[in-house]
Structure formats: structure tokens, C-alpha cells
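Structure assessment
The residues making up each chain are set out below.
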Amino acid sequence: MMKNKFNNCIGWPAWLLVLITAGCGHQPSSPSGEAAEKALSTFKLPAGFKIELVAAEPMVSDPVDMTIDEEGLMYVVEMHGYPLNVSNSGKIIMLSDTDGDGKMDTRTVFADTLVLPTGVMRWKKGIIVTDPPNVYYLEDTNGDGKADIRKVMLTGFALTNPQYLVNRPLYGLDNWIYLAHEGVEESNTYQKIFGDKGRDIFFPDDPNGARLPVNAQGRIVRFKPDMHALEETSGSTQFGQSFDDWGHHFLVYNANHIYQEVIANRYLKRNPDQIVGDATESLSDHGDACDVFPVTKNPEHQLLTDVGVITSACGITTYQGGAFPDKFNHDITFVCEPVSNLVHADRLKDKGASFTASRIFEHQEFLASTDAWFRPVNMYIGPDGALYVVDYYREIIEHPEWMSKSDIESGKLYNGRDKGRIYRISATDAAPASWTSHLNLNDSSDIQLVEKLSSPNIWWRRNAQRLLIDRNHDMVVPYLVKMAQNTKSLGRLHALWTLEGMNKLTPELIAKALQDPEPGVRENAIQLAELHLHTSPELAPELIALKSDTNDKVRYQLLCTLGYLNTPEAGAARQELLFKDINDKWVQVAALSASSSQSDAMLEGVLKKFDPAVPAYASLVTRLGTVIGANKDFKTIHSYLQRAVEPAAGVAMTWKAPLLEGLAEGLKNRSSVPDGLKSERKLLIDVCLHHPDVNIRRNARIMLENIGIADSSPEPIVMQEAKKIAADKNMSPDIRTEAVNLMALQNPKQEAAFLESLITPDAPRDIQVAAIRALSKIPDTTVSTFILKNWASLFPGIKEDALNTFITEPFSVPRISLLLQNISNGTITKAELGWPVTVVLMRDIPDSLKAYARTLLSGKKEDRSLVIKEYQVALKLKGDANKGKAVCITNCLACHQLRGKMGTAFGPDLGTVQSWNPENIMINILDPNLSISHGYELWNIVLNDGSMQQGIIVSQTSNAIVVNKQGGVKITIAKKDIRSLKTLEVSPMLNDFEKKIDKQQMADLIAFIKQGE
């Protein structure tokens, strides 16, 4: 049910959606798929494993998630409405095995009239079900197998495209319930059905209690129903989530099959002055959208053939069953790939604060089927340690939002709606499943439940922990304390968290756990100590004593936790931890997540140890400078400013520019400049004009701009000296450019003629761009008149910056009027205008000009059908892959990489489209604006100063976004600096590829891409 990755990732340049073109269909394996028993013969598994059918139609249909309760009942979510039906057809069914053969033979509809249910979890005496906008608690109180309690636990989640709904509730090791969740998918075609963007998320029975912002800002939500505790985490995930034995959180997105939430939101919120745009890390060492190796016969794909890449990753599951062959029992993750009819497997290896995921099998998958209808969407670890695979079993899994019209109208959208399977994968020598008829954990005594906490199978550990906390019997505490000192590390771990959930965990037990021989236990003990620091300050020395721990993850967690302690001892320990692992970016983030009040001491420590040969030191100085500039008083900032600009030699010279850069960035993030800082203008101007280091000049100018110079009296002497430097061709272009930028800090009206003289074809580009931006600061049409007069002589690389002066916010009606007039008279062509600027003119400018702009620009995307028709001949020409490589290098690699080996990582890797139909490749090269999907929209970001940035938003946290700009340069922008965010719904690639390559070159390029080098 997941959207094809190329609907996301190759959402533009050169390779946009094929899905809306004709001729994409394939013959299905059979008109109605394979019979359930026959489907077993279609699977390929590695040696040592077997697969069995547990449930199939008519027992189950359209399954998307499952859980097994402590009495051996299987609850399955049936999402019948996918993709377009929101008429309450969803169900939760309860399956049981009455004859003990390991197969479900009794079906009861536990709950119905759900809209698009997505996940289920056992809780108390019932189940938790996600069905946006609500999260329900359902319970059967009279024993008839049907829920007679339906309580809304949480509400407010967006009812957006079904692939982006809140899903997969999961009981965490820390006793929180986690809800997999991602942001809204904007629907163009089905806005009426899926246009609900959500509301504040809260407990309806506690409306004045905890509350999250609209749709939790697209992030994972965790909650404790009994306490009405509610939080958003720092990451997001699409369909599925998983924890490993030690509580590390792994996430999935259709085009990224495994990434990790590395730093928790509580640490990021602790210091909002640290701007962090992404709290997650991709783990795969073989590509986020890695190659996959399906065995499907006659695949029913809307885009890819039978060789391709991860495009619909979902249902990520870390195997913790303890019943697989030895080499599969630890550190293994599985992920479903329904588009390619397979399950992929990786092995996790430690890498500092995070992990590396490496594929287990080369050129094959863990599970693959020749049946094109096999659609694995989720997995579950059962009481027997087997891996249960939930098979949606549909002919079509993609959503119509990204499908061809012919396929939408074919009548196949719901083929298989009456089918569905659940499979059991186990070791070849595993006994048949006995839990289906001989399980009743609920009848276990408290002591028996404690024993289950050390089971090698997470099903027993998780459910025993949950039941013990539900019962909350004081008599069991001594047994839990004993288990907390058990020889089995997982038993110790779960006993500690169970005691915490019962409010019976003591500082003494935590202190003992901090010395545990197992690193994972020590890591969790640090988190437990964190929860008790306020009431048990005696734990602080115990924590600090771990600063020399030999395990990377223990030290990282310790650094995160010590941020809550503001003592000299804790500060010294944090610095020691930081310097030990300074090259790990997450260690830097963790170190700076402490309260801003601790940033001075840390900065002094970094400057003292500064090593110019290690780039991490410079980035850390900048980070710390940003925190100081964002929150410290004038005296502190003045002190660091003086140190940053004073002459120096040797090592000291190497940290000054990064420090000044950070101070300048931090000032930009303040709501007001500290009193007294404006007195630094004279010093900063002197630095801008005379300092030998151009980087320090640049950062001094940025700092001067952030302090504000526009309200001070013009200084002709300064302007003249800057002008003299800018005109001196013996100076370096960088220094001349900075002089022009300095002139732009005030209205340079008197120097307009000089600035215009710098904009000549033989002048360095940076100087020309700086002069154009300086002219733009003159609040009239001076810059517009000059640009239009000299338009023909401006280089293409200059024209983009020149056009932006017409649409800088707040919009200037006179400037826009001049632009439209010159588009009308042909001075500027529509092709030169570019689609992003065109969109702004047709959508965002004042209403008094908008109608004229729409008339002038026709309000429609260019019809590319004639160009596509003309290039059809290229498909009949024999392509030369070697020549095609040269075409690709010249025309494509400025925005794309090729198998990660060459090019720029802005758009998706072109090596992943080798299996596309040649015609579809060509169509999307020539018409990159065919369709743009979630994740690869071009955004226009207007900052508070009126300037604009355009690019793709690749990640975000609560206080910042990361934008990938054309050229592959990523920038982080604080959310408080943003005035507005709008999608341009365009590809950065212009509709002019036919001007760059002829038909033979097109054939060569396609041959090279198909070769898959």
C-alpha cells in the first residue's frame, strides 16, 4: 500500500513520474491471484527457514497489522477502504484456532465501521487501534468476542493519503506507547477525500491537559493513557517502527528502508538555541533506497519492472524472537517491500552513537515470491519466536494519486479486496505453532510473569512487563528486585523498567545497574537515573563515574543525560566525553543540548584543545558560538567578539572565523539585540574593511547586518572606502565582493552608478551578484531599470539572481509591473523567466497584478506533448552507452549522483532508474513537471528579512528545517527566521532539455541509464 519511491524521490529533475503516462501496465500473474495454499510454492527463503500459512481468505482479507494477546487470540486490522473508500468499511477481526493445527479457523468481527484502520496493540483487557483522526481503546466486557467499549483515547490526527496515516502502536521498553506517524501528504487529485490536515492532538477526556500542535507537526507521538502523558518525539516514520532489545528506535520511509531516531526530543527541547534540523540518521551502507532482487513473474507494477530498488519500504521489524538459526538471532532487521513482492534483511553493527545496516544476502532477498499479488506490509514476532508476515494480497498496491488514468479506470483498484494472508516463518526444525491453542499468559502468577522477563523472545518479555505493571502488586517487588540482579541481561533490563513503571525502582538498584557488565543495561540505567536525578541527586556522582566507559553508546547516552546537571563536575565530564568522540556529529549535538547557561565553559574547553587538522573542532566552535550569540548578554558576546577579531597567529587564528560565524548566526535568531551591542558597529565596520581574513570580514558583515545598521546615520567615509576596495581589481574577488556587500547594508542610492559598473560580463560572478543585491536595497526601481536595460548581456547564471530582485518580499508593485511589462513586450521570455518565478508571479504577488500575470503567463504549465512526439524517433535509434555517459556527465550530474560514485546529491540517484521503460525515461526527461510528489517538492522559503531560499526540505525538527539547494548544498534554517513556506509544485529542471541534446544523444543517454553502470 506504499507509494512508489519514484513518486517521491524522482519527483523531479529529469525523471518524474511515469505513472501518469500510458502503456505502463503488465499482465497480472492470474486474473485473481494465486490460491492461498498454492501461493506457498511461490516463495523463496534461505536455507534453514520454512514458511507456513496461518490464515487466509475467507478468514481474513486486506490485513495491514496484527497482534496476539496473552490468551492466544489474534487480532487483525482489515483496511478494506484503501485506496479511496472512506465509508467506514474497516474492521478488526479476532481469529482463533479451535482444533490446534496451527491455522486459524474461527473468525469474529471484533469491531467494524472503522474508516481506514492502520494498527493494533494489546492494552489492558482490550486493544488500541489507530484509525485517524482517532486512536481508540476497544474492549469486550461480556465475552461475546465483540467490542462493546469504544473509547477515543487520542484525537486530532490528519486523515490524509492512507499511506501517511498514524499507525502501528507499539509498547516501548520505557512503558510509553509509540504511534508511528509522519506528516500530511498533500493530495491534488483527491483533496476532497484526503484534505484533512489534522488538528491539535489531545485526550478527549482531558481537554485541558496535555496537547500537541496540529498533527504533532508530523512526528511520532508517544503517550501514557493512565497518566494522560503525551509527547511528540524528534523523528517521523511512514508505515511501521521497531525497537531493538535495548530500546533504540528504528524507522522507515518508502524510499529509506532503515533509519534511526538518534537524539530524543527532550534533549533538543532543553536547548532551543541549538538549531538542529534532523534528529535521525540513515543507517544503510548499501543505499537508503537500496537495490532489491525480486523473483516476481509478470509483475503488476505501475513503475518498475522486476529489477529495481526499495520503493515501498514498510513494516520494519527488528527480530527479537530468539528462535531463528543462530546467525539470525541477533541484530537483524527485516523490512517489507510490497511493490517488489519481497522482504529485505539487514544486519546492524554499532557505529558510534548509531548503527550501520548491511545487507545479509548479496543479490537475493530474505523472502521473495514469484506471485505479483504478494504484498507484505507488516510483520509481527509471535509467542513462538516465529516471524509472522502480513500479506495485503492485492493486484495493485500503489495509490491512484500516482497512477496512470488508464489503470485507475481499469477496474483493478480493488482486485483482491476479498483476499489476504498471514504467514509464519520459522526455523526449518521448529515445532508447529502451539500457542494457538495452549496459551494463557493472563493466568500466570506474578512470579511466573517475572520469570518471563528474561525470555529470549520479546513477545513474552513485553507482555509480561505490561501485565505486571497493570497488576501493580506490591508482593512482586522483591522478585523483580531479584530479577534485576539476574545473570540474564535482558531479564535485568525488563525488571528495571517494570519496577520503574510500578514506581518501585530505587536509587540503589539504579546505581548497581550503572555498573552492569552489559553495555545495553548500563545505557538504560543512565536513562533511568535521569528520571530520578531530581529526587535522588546522589546518583549524579555515579553517572559521572561512567565518563570513561568503553562503550560508545553508553558514553553518548551519558552525555545526553549529563546535560541536566549544571555542576562543575558534570561540565568537566561532558567536555571529556565530547573530546573523546568529537568526530561523531551526534556527540556534538548531545554536548550542546545542555542548557545554554553551560555553553561558555564548553566553548573555552574547545578553544583550549582546538585542533585545526580536525574539522569537527571548527564546526563545534560555530555551534557553540551560535548558542552564545542567541542567548548571552552584551558583556559575554562582546568578549567573544573581541577575541574573534583581534590579530593572532598559529592555532588561534583558525578558530576565530568559525567563532564569529556562530556569534553572527546566533544574533540572527534573537528577537532583539542585547543592549549595548550596537556600540560594536564601529569595530565591525573596521573589521569589514581592514581585516586580512576574508572569512572574518564576511562574518563581521553578517553580524553587523544582524545588529542593524540601517537606522544609523550614513557614513560617507565608510561607503567610499568600501567603494575603493570594490573597485580595486588588484584585490581578491572575495574581498571585493565583501566590500560590495558592506555597501548594501545601507541604502546605496548615491553609489548606484558605481554598482552598475560592476555588473559586466567580464566581472567575477560573485561581484556581479553582490552588486545586483546591493542595487536591490535601493527602495525604488533603480535595480529593475538597470536589469531590464541590460538583460540581453547578463549571463544565465546572473539572470536568476536578477529576477529574484523583482519578487523579494514585501513585494514592490512598481518592480513587478516593470517585469510584467517586459515579459509582455518580449524583453524577457517565459523560458528565461523559469517556472519557479512564474509560479510566484501567478500565485503570490498582490491581487492588483495577479490577474494580469496569469493572463500573460497563461496560468498553465507548458504543453510538452509536441516535443515528446518529436523525440519518439529517439526510441528507435541504437544508443551508444559510452557516448551516453558523456551526455549524462554534461547534463545530469549537476543535480544527480550515479550509483553514489559521481555527481551531486540533489536529486535521486540515476542508477536507480535503469529498469524503467525507455519511453518513460524519455518522457520524464523532456517533461520534468509531469507530477511532483511528497518529499521532493520545490519550496519557496521567505525569511523574515524578505529574502528567499528555494530548495527541497529534506528534514525538520521542532526548531529548524534542512533545505537541499540546487547543487547539493544543504542549509539549516531556524523556523523562527521563516516568514512563510510555500510549495512551488514545480521541478527545478526547466523544460528545455531538447535544446541541450539531440535525438541521437537522447538514445545514447537512455542506453547509458538502462545499462545501470
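Rules of the game
- Residues numbered from 1 in each chain as written.
- Predicted model: local features only at pLDDT ≥ 70, side-chain atom pairs only at ≥ 80, totals over all residues.
- Heavy atoms only, no water.
- Helix = DSSP H or I, 4+ residues; strand = E, 2+ residues; numbered from the N terminus.
- Contact = heavy atoms within 4.5 Å.
- Areas by Shrake-Rupley, 256 points an atom, 1.4 Å probe, with all protein chains shown as cover.
- Phe/Tyr/Trp six-rings, centres within 6.5 Å; stacked < 30°, edge-to-face > 60°.
- Buried < 20%, exposed > 50% of the residue type's maximum accessible area, 1.4 Å probe, protein only.
- Core = buried A, V, L, I, M, F, W, Y, C linked by side-chain atoms within 4.5 Å.
- Pairing = 2+ DSSP bridges.
- Axes fitted to C-alpha atoms, helices over the stretch in contact; angles between N-to-C directions.
- Polar contact = N/O pair within 3.5 Å; in protein donor to acceptor, adjacent residues only side chain to side chain.
- Salt bridge = Lys/Arg side-chain N within 4 Å of Asp/Glu carboxyl O.
- Parallel < 35°, antiparallel > 145°, perpendicular 65-115°, else oblique.
- Left-handed = near helix turned anticlockwise from the far one by under 90°.
- Nonpolar A, V, L, I, M, F, W, Y, C, P; charged D, E, K, R; others polar.
- pLDDT = per-residue confidence, 0-100.

Okay, the overall build of the protein chain next. What the protein chain contains, in helices and strands, is 35 helices and 37 strands. Within the protein chain, contacts between residues separated by at least 24 positions form 68% of all contacts whose residues are at least 6 apart in sequence. In the form shown here, the protein chain has an accessible surface area of approximately 37600 Å², with 51% of it arising from carbon and sulfur atoms.

Counting across every chain of the model gives 23 aromatic pairs. Judged by centre distance (4.9 Å) and plane angle (75°), the rings of F43 and Y423 are edge-to-face. Of this pair, F43 sits in strand β1 (residues 43-44) while Y423 sits in strand β30 (residues 421-427), placing them 380 residues apart in sequence. Take F43: its relative accessible area is 12%, and that puts it in the buried class.

Counting 249 residues, the largest nonpolar core has M74, I92, F223, F334, M703 and L841 as the members making the most contacts within it. If near-sequence neighbours (up to four positions away) are discounted, F223 is found in contact with I128, V135, M153, L154, W176, I177, L179, F203, A229 and L230. Core analysis: the second largest hydrophobic core is formed by 20 residues, V887, I921, I923 and I1006 among them.

To continue, consider the sheet that holds strand β19 (residues 256-261). If you trace the four strands from one edge of the open sheet to the other, you get β17-β18-β19-β20, paired in antiparallel fashion. If you trace the sheet from one side to the other, it starts and ends with β17 (241-243) and β20 (280-282), each paired once. Adjacent strand axes in the sheet meet at a mean angle of 30° when their direction is disregarded. Note: strand β18 (residues 249-253) against β19, four bridges, orientation antiparallel. Among the inter-strand pairings, L251 is bridged to a residue of β19, identified as Y259.

What follows concerns helix α26 (residues 782-789). Counting buried positions along α26 yields six of eight residues, so the element is predominantly enclosed. Turning to α26, its buried residues number three or more, namely T782, V783, S784, F786, I787 and L788. In this structure, the buried residues of α26 make contact with α24 (752-757), α25 (765-776), α27 (796-804) and α28 (813-824).

Once that is clear, we can look at helix α13 (residues 552-562). With 10 of 11 residues buried, α13 lies mostly within the body of the structure. Buried within α13 are the following residues: K553, V554, R555, Y556, Q557, L558, L559, C560, T561 and L562. The N-capping residue of α13, defined by a side-chain oxygen 2.9 Å from the backbone nitrogen of K553, is N551.

One side chain can pair with another of opposite charge once the charged atoms of both are near each other. With the rule as written, the count across this model stands at 46 salt bridges. Across the pair D69 and R122 runs a salt bridge, and its minimum N-O distance is 3.9 Å. One end of the pair, D69, is in the loop between β3 (63-68) and β4 (74-78); the other, R122, is in strand β7 (residues 119-123), with 53 residues separating them in the sequence. Note that R522 is salt-bridged to D549, the shortest N-O span being 2.8 Å.

Let's shift gears to the environment of G708. Relative to the elements of secondary structure, G708 occurs in the loop between α21 (694-707) and α22 (716-727). Residue class for G708 comes out buried when judged on its relative accessible area of 18%. Sequence separation of G708 and Q746 is 38 residues, and the distance between their C-alpha atoms is 9.6 Å.

On to the packing of helix α20 (residues 681-690) against α22. Between α20 and α22, the shortest axis-to-axis distance is 10 Å and the interhelical angle comes to 20°. Here α22 runs roughly parallel to α20, going by the angle between their axes. Considering the relative orientation of α20 and α22, their crossing is left-handed. Counting all contacts with α20, which are made through I685, L689 and H690, the residues of α22 involved are V718, E721, A722 and I725. Its residues assigned to classes, the contact of α20 with α22 comprises five nonpolar, one polar and one charged.

Another point: unusual backbone geometry. Residue E57 is joined to P58 through a cis peptide bond whose omega torsion reads 10°. One can find P58 in the loop between β2 (49-56) and β3. Geometrically, the link from Y82 to P83 is a cis peptide bond, its omega value of 10° lying close to zero. In this fold, P83 is placed in the loop between β4 and β5 (90-96). The phi angle at Q217 is positive, at roughly 55°, despite the residue not being glycine. Along the chain, the position of Q217 falls in the loop between β14 (211-212) and β15 (221-224). According to the relative accessible area criterion, Q217 is partly exposed, its value standing at 30%. Backbone geometry at H228 places phi at a positive 55°, although glycine is not the residue there. Locating H228 in the fold gives a position in the loop between β15 and β16 (229-232). Judged by its relative accessible area of 22%, H228 falls in the partly exposed class.

For the protein chain, the mean per-residue pLDDT works out to 87, and 88% of the residues sit at or above 70. With pLDDT under 50 throughout, residues 1-30 is counted as low confidence; its partners more than four residues away or in other chains account for 157 contacts.

Here we take up the pairing of β19. The element β19 is largely enclosed, with a buried count of six among its six residues. Between β18 and β19, which pair antiparallel and follow one another directly, the connecting turn spans two residues. Note that β19 and β20 share three bridges and pair antiparallel. Paired with Q260 across the bridge in β20 is E281.

Relative to the helices and strands, C892 resides in the loop between α33 (881-891) and β31 (897-898). The class of C892 is buried, set by a relative accessible area of 3%. Remark: the alpha-carbon pair of C892 and L1005, spanning 113 residues in sequence, is separated by 9.9 Å.

On to the sheet that holds β2, then. Taken in spatial order, the four strands make up an open sheet running β2-β30-β29-β28, and their pairing is antiparallel. Single-partner strands in this sheet number two, and they are β2 and β28 (376-381). Taking the axes of each pair of neighbouring strands and ignoring which way they run, one obtains an average angle of 25° across the sheet.

Burial within β18 is extensive, with five of its five residues counted as buried. Burial along β18 is two-sided: H249, L251 and Y253 facing one way and F250 and V252 facing the other are all buried. In terms of strand pairing, β17 meets β18 through three bridges, oriented antiparallel. Residue pairing in the sheet places F243 in a bridge with H249 of β18.

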